[in-house]
Amino acid sequence: MTDLDRPILETRSLAKRFSIGTRFSAEGRRTVHAVDNVSLTVRRGETVGLVGESGCGKSTLARCLVRLYDITDGKLLFEGNDITSKSLSELRPLRRRLQMVFQDPSASLNPRRRVGDLVAEPLRIHGKLSSREITARVAKLFELVGLLPDHVMRYPHEFSGGQRQRVGIARAIALNPDLVVLDEPVSALDVSVQAQIVNLLADLQEKLKLTYIFIAHDLSVVRQVSTRIAVMYLGSIVEEGPAEEVFATPAHPYSQALISAVPVVETTPTGARKRIILTGDVPSPLKPPSGCRFHPRCPIAVDRCRSERPELKEHRPGRKVACHFPTLT
Amino acid sequence: MILSVRDLKVSFRTHDGPVRAIDGVSFDLEESEILGVVGESGSGKTVSLLAVMGLITDPNATIEGSIRYKGRELVGLSRRELRRLRGNEIAMIFQDPMTALTPVYTIGWQIAEQIRAHRGVSKAKAMARVEQLLAEVNFPNPHEAMSRYPHQLSGGMRQRAVIAMALSCDPALLVADEPTTALDVTVQAGILDLVRKLRAKHKSAVVFITHDMGVVSELADRVMVMYAGRVVERGTRTELFSDPRHPYTRALLGSIPPLTGQKPRRLPAIPGSPPSLLRLPQGCAFGPRCPVRYEPCETGKPGLGSDAHAAACFRVAQA
Ligand SMILES: Nc1ncnc2c1ncn2[C@@H]1O[C@H](COP(=O)(O)OP(=O)(O)O)[C@@H](O)[C@H]1O
Ligand SMILES: Nc1ncnc2c1ncn2[C@@H]1O[C@H](COP(=O)(O)OP(=O)(O)O)[C@@H](O)[C@H]1O
Ligand code: SF4
Ligand code: SF4
Ligand SMILES: [Mg+2]
Ligand SMILES: [Mg+2]
């Protein structure tokens, strides 16, 4: 196995559960199964797109991957090293290499600080550079993310949403990370600005040899940026494969429904697209359904699905599906 | 003709000076027609619709122009007259379903009250109708849903309840302001289906506001594209999507990543961001971002003209 093929990040049966309520509340203490049995391998230089309806556990998984959350069960490996239960101080040298970008850049940007300062902050905390070096590095970062040199003196509110997201990205790449987890980075932006940020992310990936984990609810944006897709449902991955393949020929009934529901611009509507409308909502992760978790909404569910949970099986290299009756072409 | 809006202008007095949020919007809407209004945030979609509904309460607002509903001029009507008209014939759905719901009453009670207010039927009759309506908007268990409070429902189910409420008065006009923006695509697909059903069954005219070109292309009969408070292009759905004319419409359509087929290596992006109304450029508002601007665009404001398929652009007018 060459270094390039070695997974940068790997999860093995990873689970994250939250306890809510107390034993004094009406329903007592209860457990939210937010992420359940996720085994995912991320290779250097690729972009893994996570999709699924809201509440499917994408953000929770993302936060587990950069250890912003403690992991309840299973393992998390970074470059082959088990970092599942490393303490904060043990993690410090790794922090630099694992970064995260959030949906709302304003929430993570202190409004009273100049954006130049905000981008310099991670460099200062890291403490390896002189102040002159920091200034030079900030200038370089501004150039990389497409901000003008004199923008360093501005405050976040003087910026448009797209520019603020550029600042958020500059902060995330300041310390030369290897892996960046992007949780809905373009969802709050105007449609006309999204493409700029998508392009910027692609450029940075190429220049800085970054690996991405990318979450967005806009499926066409995810397809555009991702090399691989993992479809999540109720905390678990139900399908995984090369982005274009999964979108063209989804094998899991949930992926099929999800992709068919995306409204697309058709210059001449042909009516050729068949839409699968799912009934009901995603069930509560407080009490996930028996058997296949998708069975209450699955249009082709049979008795077996209600009792036997399908495993995520690799049907051909790189193509995994968790369904007793996958549509494989 | 259900609705006919002419040269609608809305301005606000603000600390930073006057802001013209809507600058001369005109459109017509026929019975059982769906008009899609598409534009980015701040382009004036909500303000124009609120103005049409007489729902702008800001004392700093000035509204000019003409708004005729079934031939009757609405500009100048009293709040009370407007409210009566709205309640009976015009239904509204907003992005946040809680705008139309009260947290303290059950869904069933709220819809029943609305029916009773408009129809004066008995409570039992109203309740029976509510169950029918909830079934119509695909509640899996309508009877049980009636006794639920809004917070016990998901966002999608709440929005369905609001649509059931809208259906209850058999509206001649439904105004929907980004009703699916906060919802998952799977849930959105169901809601769009309901809107189509409403049009087919009740012959309601619909104004549907969204920022999603895909939604417009699937739902609307006619489309109006807005930018910085003006309509920059209008036409039938087919005209707009098979022959987009305004540089903004073209650029916006071009920047949407495809869901099938070859992925472009880079997306054709529009530079810059939508302008602030306080600092609108001289001339064409899209000018600073327009790939084909030329001298006339620097000073003049391009008009839309009177064609059915029209674009407010000097280049298009010249071609
Ligand atoms: N801190 C938390 N405490 C309790 N439940 C949580 C917490 N964070 C997320 N959840 C629950 O976990 C599930 C997955 O949430 P999330 O990861 O945010 O999904 P997504 O990002 O796919 O929308 C949801 O049911 C959510 O309500
Ligand atoms: N009460 C108000 N006072 C001042 N400006 C306003 C007010 N309401 C809306 N605006 C401005 O009008 C413009 C159009 O807003 P809006 O119709 O909400 O846009 P959209 O619905 O297309 O996102 C925005 O620039 C907004 O800031
Ligand atoms: S296992 Fe059964 S219920 Fe689950 S997705 Fe496959 S067919 Fe549907
Ligand atoms: S009027 Fe000029 S600047 Fe405006 S859209 Fe047309 S070509 Fe571009
Ligand atoms: Mg999330
Ligand atoms: Mg709006």
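Residues numbered from 1 in each chain as written. Chains lettered and ligands numbered in written order. Predicted model: local features only at pLDDT ≥ 70, side-chain atom pairs only at ≥ 80, totals over all residues. Heavy atoms only, no water.

Attention shifts here to the domain arrangement of chain A. How big an interface is tends to be stated in terms of the accessible area lost upon association of its parts. Residues and elements named next belong to chain A. For chain A, the domain assignment lists domain 1 (7-97 + 177-321) and domain 2 (106-176). Contact with domain 1, which involves 14 residues of that partner, is made by twelve residues of domain 2. Taking both partners together, domain 1 and domain 2 bury about 1200 Å²; carbon and sulfur atoms supply 72% of that area. Three residues stand out in domain 1 for area buried against domain 2, namely Arg96, Pro177 and Leu200, and they jointly supply 39% of the buried area on that side. Remark: the boundary between domain 1 and domain 2 carries zero salt bridges. Our enumeration of links across domain 1 and domain 2 arrives at four residue pairs in polar contact (both at pLDDT 80 or more). (Domains from an automatic or database assignment. Contact = heavy atoms within 4.5 Å. Buried area = accessible area lost by both parts, 1.4 Å probe. Salt bridge = Lys/Arg side-chain N within 4 Å of Asp/Glu carboxyl O. Polar contact = N/O pair within 3.5 Å; in protein donor to acceptor, adjacent residues only side chain to side chain.)

Further remarks concern the interface of chain B and chain A. Contact residues are listed per partner, giving 44 residues for chain B and 39 residues for chain A. For the pair chain B and chain A, the summed buried surface comes to about 3600 Å²; carbon and sulfur atoms form 54% of the total. Area buried by chain B at its contact with chain A is led by B:Thr186, B:Leu259 and B:Lys263, which between them contribute 22% of it. Linking chain B to chain A there are three salt bridges. Two residues, B:Arg265 and A:Glu206, come together in a salt bridge whose shortest N-O distance is 3.4 Å. Summed over the shared surface of chain B and chain A, the number is 21 residue pairs in polar contact (both at pLDDT 80 or more). For the side of chain B that touches chain A, the secondary-structure elements that each account for two or more residues are helix H7 (185-202), helix H8 (213-219), helix H9 (237-242) and helix H10 (247-254) of chain B. Considered class by class, the residues forming the side of chain B that touches chain A number 19 nonpolar, 15 polar and ten charged. (Helix = DSSP H or I, 4+ residues; strand = E, 2+ residues; numbered from the N terminus. Nonpolar A, V, L, I, M, F, W, Y, C, P; charged D, E, K, R; others polar.)

Turning next to the site of ligand 1. Residue and element names in this part refer to chain A. Close to ligand 1 lie 13 residues; Gly55, Gly57, Lys58, Ser59 and Thr60 are nearest. Between ligand 1 and Gly57, the relevant distance is 3.0 Å, taken from an oxygen atom to a main-chain nitrogen or oxygen of the residue. A distance of 2.8 Å separates an oxygen atom of ligand 1 from a polar side-chain atom of Ser59. Compared with its free state, where it exposes 560 Å², ligand 1 has 66% of that area covered by protein. Listed by contribution, the elements that provide at least two residues to the shell around ligand 1 are strand E1 (7-20), strand E2 (30-38) and helix H1 (58-65). Top element by residues in the shell around ligand 1 is H1. It accounts for three residues. When grouped by side-chain class, the residues that make up the shell around ligand 1 number six nonpolar, five polar and two charged. (Near = heavy atom within 4 Å. Areas by Shrake-Rupley, 256 points an atom, 1.4 Å probe, with all protein chains shown as cover.)

On to the sheet that holds strand E10 (residues 230-236) of chain B. Residues and elements named next belong to chain B. Taken in spatial order, the seven strands make up an open sheet running E6-E7-E8-E3-E9-E10-E11, and their pairing is mixed. Every interior strand has two partners, whereas the edge strands, strand E6 (90-94) and strand E11 (310-311), have only one. Against the sheet, helix H1 (residues 45-52) touches strand E3 (34-38), E6, strand E7 (173-177), strand E8 (205-210) and strand E9 (222-227), its axis set at about 150 degrees to E8. H10 rests against E9 and E10 of the sheet, and its axis sits at about 100 degrees to E9. (Pairing = 2+ DSSP bridges. Axes fitted to C-alpha atoms, helices over the stretch in contact; angles between N-to-C directions.)

Right, let's get into helix H10 (residues 253-260) of chain A. Within H10(A), eight of the eight residues are buried, leaving the element largely enclosed by the surrounding structure. By the burial criterion, the buried members of H10(A) are A:Pro253, A:Tyr254, A:Ser255, A:Gln256, A:Ala257, A:Leu258, A:Ile259 and A:Ser260. Considering only its buried residues, H10(A) is in contact with strand E4 (47-51), helix H8 (219-225), strand E10 (228-233), strand E11 (236-242) and helix H9 (243-248) of chain A together with H7 of chain B. (Buried < 20%, exposed > 50% of the residue type's maximum accessible area, 1.4 Å probe, protein only.)

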